[in-house]
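Take a look at the letters that make up each chain.
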Amino acid sequence: MNTKKALDKIFVSRVRIKLLHYFFMHPSEPLHLRGAVREIKEEINAVRRELIRMEEVKMVRADVHGNRKYYFLSQDAPFYDELRGMVYKTFGLGGDFVRNLPKMGSIHLAILGGNYLTGRKSTDHPVDLLVVGEVNVDELTKLVSEFEQKNNIEINYAVLSENDFELRRKRKDQFLYQVLVSPKLILVGNQDMLVI
């Protein structure tokens, strides 16, 4: 079962899925009710109902400015990391990568992070996508290029063989260390592989 179908089965509300998608893909952007209706193209009452529910369970927080109520994704929300993982493995670059995994080669580890994951434009993060294994670089380049063109965003990615990754990990390589201590989401592999 693909990740989108799995998410549809876990969350029965299409509107909630769209709101989660929007909030995680735009983590620093506030959203008011009418803006949400425009962004996710759903009826106002359904959007209002879901925003109220999401606020009740502290998935979003709200601030009132003037006569508008703005909603923000709450990083203190229960299950924030789990929800973020589900959304990023279903939509955007992570979703594209997971769906095309069979074409990517023999992937040992794939990490999504950097500016893409934080939603900020800074030079603090060396890469947005790190892929370790016997990677089909042509397929990866094609996937990233198509994503960049479609979303008008630049993605920095790096490819390492398993041997290079292990060598750099043992040497506590500065580049790898910075990737591993920054906010990240593991698309392929597990947390144990990241221990330095």
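As the structure is a computational prediction, the values presented were derived from the model and not from experiment.

What counts and what doesn't
Residues numbered from 1 in each chain as written. Predicted model: local features only at pLDDT ≥ 70, side-chain atom pairs only at ≥ 80, totals over all residues. Heavy atoms only, no water. Salt bridge = Lys/Arg side-chain N within 4 Å of Asp/Glu carboxyl O. Helix = DSSP H or I, 4+ residues; strand = E, 2+ residues; numbered from the N terminus. Buried < 20%, exposed > 50% of the residue type's maximum accessible area, 1.4 Å probe, protein only.

Participant: Explain the pattern of salt bridges to me, using residue names and the numbers behind them.
Facilitator: For the coordinates displayed, the defined rule picks out nine salt bridges. Salt-bridge contacts for Lys 18 lead to Glu 42; the nearest nitrogen and oxygen are separated by 2.7 Å. Of this pair, Lys 18 sits in helix α2 (residues 14-25) while Glu 42 sits in the loop between α3 (33-40) and α4 (44-56); the two residues are 24 residues apart in sequence, bridging distant segments of the chain.

Participant: Report on the environment of Leu 83, specifying residues and quantitative values.
Facilitator: As for its placement among the helices and strands, Leu 83 is situated in helix α5 (residues 80-90). We classify Leu 83 as buried; its relative accessible area is 8%. Separated by 59 residues in the primary sequence, Leu 83 and Phe 24 have C-alpha atoms spaced 8.9 Å apart.

Participant: So, helix α6 (residues 92-99): which residues are in play, and what are the values?
Facilitator: Counting buried positions along α6 yields six of eight residues, so the element is predominantly enclosed. For α6, the complete set of buried residues consists of Gly 92, Leu 93, Gly 94, Gly 95, Asp 96 and Phe 97.

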